[in-house]
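What follows is each chain in one-letter form.
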Amino acid sequence: MAKTRLETGAVLDGFTIGELIHRGGMASLWEVTREGDPTSCLMKIPVLQEGEDPAAIVSFEMEQMIMPRLKGPHVPRHIANGDFAVQPYIVMERLTGETLLPQIDHVPMPAEKVAAIGAGLADAVEALHRQGVIHLDIKPSNIMFRPTGETVLIDYGLAHHRDLPDLLQEEFRVPYGTAPYMAPEQVMGIRSDPRSDIFAIGCLMYFFATGVRPFGDPQKFKGLKKRLWRDPVPPRKLRPDIPPWFQEIVLRCLEVKAGRRYPTPAQLAHDLRNPTQVQLTARAGKLEKDGFFAVLKRKGEPHRTLIDKPLEREAEASDAPIVAAAVNLDDMTPELAGKIRRTLQRILERSPEARLAVLNVLKLNRIAMDQSLDDEGNNKHVARLVGLKDWTRPMKVAQGRVTYHVLEAIDPADKILDYARVNNVDHIVMGARANSTMRRILGSVSGKVAMEAPCTVTVVRVRGAEE
């Protein structure tokens with residue numbers, strides 16, 4: 001099981017734990033060394049304490065999947081991952097220097113200086129997008145700089161990779177990001193549009209040039225939604241010395257419809273470095289926010305008309321069906337487990353492009369307070385995650401073809417059905433347990449899923465089990 005605390009001097013998978021560099025709400029950062037390796041390294045370890053949001057665990061899983069795939073000077077070099085079964089961690093190159101966050105003390109800055117920061121940031125985002133990754137959490141604390149000048153983006157816990165399952169999208173129904181920098185489509189639950197990062201760059205440049213956040217720092221969904229219809233105060237209204245070309249660029253980045261923003265970070269970087277070539281429009285001359293009737297019209301439109309569709313993928317999702325295995329770790333005999341695995345293997349053999357999603361529902365109490373740690377102090381969510389991986393291991397499914405999901409709900413059947421509907425699952429495979437008093441009274445989970453699922457359902461039974 002995963003540990004929750006480490007001490008200086010301990011050795012983990014060949015890494016000697018050094019000084020605690022930072023302890024945050026979701027993870028801690030430790031200096032680590034490895035014998036024979038002169039590289040300065042950081043080990044990132046998730047917080048797995050009582051009351052921890054399950055999304056934080058899923059976020060760490062995403063970062064473990066994405067970071068090994070990233071290359072180049074604009075990302076920290078990935079070194080190693082730790083398994084959740086022992087101790088989850090990410091070891092990466094340690095960057096010298098500070099993040100951009102301390103520079104907030106010096107805002108507002110001259111537009112030319114902000115443009116230089118923005119251009120370097122756009123270079124980093126362009127490099128990321130070319131590798132199929134959308135960061136989705138661009139903010140000052142996630143931006144660093146190499147001694148050679150390149151901007152480096154850190155923290156990929158909220159990122160989306162075009163070739164990997166988006167576990168946050170699949171398991172949760174709330175927008176994730178940092179409120180002052182979230183794009184309108186992120187607020188509405190769309191995580192697959194790379195132009196969301198361009199919106200975040202625009203928010204950052206607006207703030208650094210004016211000292212004011214364009215949409216404030218709302219903490220509730222109602223406040224976040226206002227950016228769907230309410231435009232920010234034009235920067236030149238706040239700082240008359242801001243040049244028209246800078247306002248043109250920033251307001252273009254902050255367009256509600258992604259199609260009206262810069263199509264790529266490379267084009268944004270070009271304009272920031274060549275202000276005399278920026279084509280000025282009505283944006284450049286604005287000194288007031290949009291009027292009452294313009295805002296009222298936008299507010300009355302359906303949100304789907306305000307949000308552009310994400311850019312098209314080369315491969316359609318229909319080419320890779322999703323097969324969901326709903327696994328009950330608490331009530332499954334070895335015979336039933338083996339039969340379910342054999343059924344899944346036959347299905348996967350018939351569909352070479354299919355992805356397997358292995359689900360388990362952590363049942364919540366209707367009345368009593370739920371605890372996230374068990375009696376031995378282990379995180380229940382992580383224990384289930386490890387259990388799902390152990391359960392699946394005999395099938396020998398390729399690593400990139402299987403994902404694991406620990407869902408939380410009062411009603412397991414409803415949660416499985418919700419997951420299937422939202423994620424366009426093509427086939428659900430689950431076991432039918434033996435008869436019991438509670439099953440006779442309440443009905444079975446598999447029966448309800450089979451009756452209401454929007455897809456094919458295979459219920460696996462063991463010969464001789466009670467009906």
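Residues numbered from 1 in each chain as written. Predicted model: local features only at pLDDT ≥ 70, side-chain atom pairs only at ≥ 80, totals over all residues. Heavy atoms only, no water.

Colleague: Looking at this structure, I do not really get helix H13 (residues 334-350). What am I missing?
Modeller: An α-helix turns once per 3.6 residues; consequently, residues spaced three or four apart project the same way. The end-to-end C-alpha distance of H13 is 25 Å, a good match for the 24 Å that 17 residues give at a rise of 1.5 Å each. Burial in H13 covers these residues: Leu336, Ala337, Gly338, Ile340, Arg341, Thr343, Leu344, Ile347 and Leu348. Here the buried face of H13 lies against strand E11 (322-326), strand E12 (355-363), helix H14 (380-392), strand E14 (427-431) and strand E15 (456-460). (Helix = DSSP H or I, 4+ residues; strand = E, 2+ residues; numbered from the N terminus. Expected span 1.5 Å × (residues − 1). Buried < 20%, exposed > 50% of the residue type's maximum accessible area, 1.4 Å probe, protein only. Contact = heavy atoms within 4.5 Å.)

Colleague: Would you explain unusual backbone geometry in this entry?
Modeller: Only a minority of non-glycine residues have a phi that is not negative, and only a minority of peptide bonds are not trans. Look at the link from valine 107 to proline 108: it is a cis peptide, with omega at 0°. Assignment of secondary structure puts proline 108 in the loop between strand E6 (89-93) and helix H2 (111-130). Although it is not a glycine, leucine 136 adopts a positive phi angle of roughly 70°. Structurally, leucine 136 can be placed in the loop between strand E7 (133-134) and strand E8 (143-145). At lysine 396, a residue that is not glycine, the phi angle is positive and equals roughly 55°. Along the chain, the position of lysine 396 falls in the loop between H14 and strand E13 (402-409).

Colleague: Got a minute to help me understand the packing of helix H15 (residues 412-422) against helix H17 (residues 445-452) in this structure?
Modeller: Helix packing for two helices is described by the angle between their axes and how far apart those axes are. Their axes nearest at 9 Å, the elements H15 and H17 cross at an angle of 35°. Considering how the two elements wind past one another, H15 and H17 form a crossing that is right-handed. Of the residues in H17, those in contact with Pro412, Ala413, Asp414, Ile416, Leu417 and Arg421 of H15 are Val445, Lys448, Val449 and Glu452. When the residues that make up the contact of H15 with H17 are grouped by side-chain class, the tally is 6 nonpolar, no polar and 4 charged. (Axes fitted to C-alpha atoms, helices over the stretch in contact; angles between N-to-C directions. Left-handed = near helix turned anticlockwise from the far one by under 90°. Nonpolar A, V, L, I, M, F, W, Y, C, P; charged D, E, K, R; others polar.)

Colleague: What should I look at first to understand a positive patch on the surface in this one?
Modeller: Positive charge collects at one region of the surface, where Lys339, Arg342, Arg346, Arg350 and Arg463 lie side by side. Looking at the secondary structure, you find arginine 342 in helix H13. Relative accessible area serves as the criterion here: at 47%, arginine 342 is assigned to the partly exposed category. (Patch = residues over 30% accessible without salt bridge, like charges linked within 9 Å, V, L, I, M, F, W, Y side chains within 5 Å. Areas by Shrake-Rupley, 256 points an atom, 1.4 Å probe, with all protein chains shown as cover. Salt bridge = Lys/Arg side-chain N within 4 Å of Asp/Glu carboxyl O. Lys, Arg positive; Asp, Glu negative; His and termini not counted. Charge placed at Lys NZ, Arg CZ, Asp CG, Glu CD.)

Colleague: Looking at this structure, I do not really get the sheet that holds strand E4 (residues 37-46). What am I missing?
Modeller: Remark on secondary structure: sheet strands pair via backbone hydrogen bonds, oriented parallel or antiparallel. Sheet architecture is open: 6 strands sit in the order E1-E2-E3-E4-E6-E5, paired in antiparallel fashion. What marks the edges here is a single partner per strand, and that holds for strand E1 (11-12) and strand E5 (78-82). As paired elements, E5 and E6 share 4 bridges and run antiparallel to each other. In the sheet register, asparagine 81 faces E6, and the bridge partner there is isoleucine 90. Those strands touched by helix H1 (residues 54-66) are E4, E5 and E6, and its axis lies near 45° from that of E6. (Pairing = 2+ DSSP bridges.)

Colleague: Sorry if this is basic, but what is going on with the side chain of glutamate 93 here?
Modeller: Considering the arrangement of structural elements, one finds glutamate 93 in strand E6. Of the residues examined, glutamate 93 reaches a relative accessible area of 17% and is grouped as buried. Separated by 2.7 Å, the side chains of glutamate 93 and arginine 146 make a polar contact. Ignoring any residue separated from it by four or fewer positions in sequence, one finds glutamate 93 in contact with Ser40, Val75, Pro76, Arg77, Ile79 and Arg146. (Polar contact = N/O pair within 3.5 Å; in protein donor to acceptor, adjacent residues only side chain to side chain.)

Colleague: Teacher, can you tell me more about the side chain of glutamate 61 here?
Modeller: With respect to the helices, strands and loops of the structure, glutamate 61 is situated in helix H1. Of the side chains with opposite charge, lysine 389 lies nearest to the buried glutamate 61, which makes no salt bridge, at 4.7 Å.

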